[in-house]
Amino acid sequence: MDDSTARKLAGQKRLLWAAHEGNLDALECTDCGQHSVSVWFTHPGDGIYRTWFICTDCSFELRAQNLGCPPHYSEDRVSEHLENYDERALARAIQAASREDVKKAAQTSRPKDQEE
Ligand SMILES: [Zn+2]
């Protein structure tokens, strides 16, 4: 792991921690170094929460998956734009998962007499 990767990871950890502490605006961007990162939330499904970190000065974007509701989650901070994005991602994931299931089902439902 090179220095810049390590710095980035440390920065991301700082962002996650800031959100956990309730600091949701003017966070330091790990990419451009500006204090331009805001925290947003999405709630794409039952019991599924995500925390987003979006920089307004560059294209930095970080998404964290939450186990349960984030401590500072609020409806005011739910981004519709991100939610739509998230739903599409989720739909794709579900589609991919069900395709896997179909494949698996096809493999396991082979009639017994053909196995020998
Ligand atoms: Zn930035």
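Residues numbered from 1 in each chain as written. Predicted model: local features only at pLDDT ≥ 70, side-chain atom pairs only at ≥ 80, totals over all residues.

Caption draft 1: Geometry of the overall build of the protein chain. Within the protein chain, the regular secondary structure consists of two helices and three strands. Seen in sequence order, the protein chain has helices and strands lined up from the N terminus as α-β-β-β-α. Taking 2.2 N^0.38 as the reference for a compact globule, 116 residues should give roughly 13 Å; the C-alpha atoms of the protein chain span a radius of gyration of 20 Å, well beyond that estimate. Its C-alpha atoms put the protein chain at 65 × 40 × 20 Å along the principal axes. Going through the 116 residues of the protein chain one by one, you find that 13% of them count as buried. For the protein chain, long-range pairs separated by at least 24 residues make up 46% of all intrachain contacts whose partners lie at least 6 apart in sequence. (Helix = DSSP H or I, 4+ residues; strand = E, 2+ residues; numbered from the N terminus. Rg over C-alpha atoms; globule rule 2.2 N^0.38 Å. Buried ≥ 20, exposed ≤ 12 C-beta atoms within 10 Å, placed from the backbone. Contact = placed C-beta atoms within 7 Å.)

Caption draft 2: Just the environment of Asn23, in detail. In this structure, Asn23 sits in the loop between α1 (3-21) and β1 (37-45). Classification of Asn23 by C-beta neighbours within 10 Å gives partly exposed; the count is 14. Spatially, the C-alpha atom of Asn23 lies 8.9 Å from that of Ser38, the residues being 15 residues apart in sequence.

Caption draft 3: Representation of the sheet that holds strand β2 (residues 48-55) in the model. Read across the sheet, three strands follow the order β1-β2-β3 without closing on themselves; strand pairing throughout is antiparallel. Edge strands, defined here as strands with exactly one partner in the open sheet, are β1 and β3 (61-67). The sheet shows a mean angle of 25° between the axes of neighbouring strands, taken without regard to direction. Sheet contacts for α1: β1, β2 and β3; angle to β3, the most-contacted strand, approximately 55°. (Pairing = 2+ DSSP bridges. Axes fitted to C-alpha atoms, helices over the stretch in contact; angles between N-to-C directions.)

Caption draft 4: Here's a closer look at the pairing of β3. In this sheet, β3 lies alongside β2 in antiparallel orientation, the contact comprising seven bridges. The residue of β3 that forms the bridge with Thr51 is Ala64.

Caption draft 5: Expanded view of α1. Between its terminal C-alpha atoms α1 stretches 27 Å, which fits the 27 Å expected from 19 residues at 1.5 Å a residue. All of the buried residues along α1 are Gly11, Leu15 and Ala19. Considered in projection along α1, the buried side chains sweep an arc of 75° and stay on one side of the axis. Exposed side chains of α1 directed beyond 90 degrees from the buried face belong to Asp3, Ala6, Leu9, Ala10, Lys13, Trp17 and Glu21. (Expected span 1.5 Å × (residues − 1). Arc of directions from axis to C-beta.)

Caption draft 6: Region of interest: the nonpolar core. Of all hydrophobic cores here, the largest spans eleven residues; its members are Leu15, Ala19, Leu27, Cys29, Val37, Val39, Phe41, Trp52, Phe53, Cys55 and Phe60. Those elements that provide at least two residues to this core are α1, β1 and β2. (Core = buried A, V, L, I, M, F, W, Y, C linked by C-beta atoms within 7 Å.)

Caption draft 7: Region of the structure containing unusual backbone geometry. Within the chain, Ala26 stands out as a residue other than glycine whose phi angle is a positive 55°. With respect to the helices and strands, Ala26 occurs in the loop between α1 and β1. Residue classification places Ala26 among the exposed residues on the basis of 11 C-beta atoms within 10 Å.

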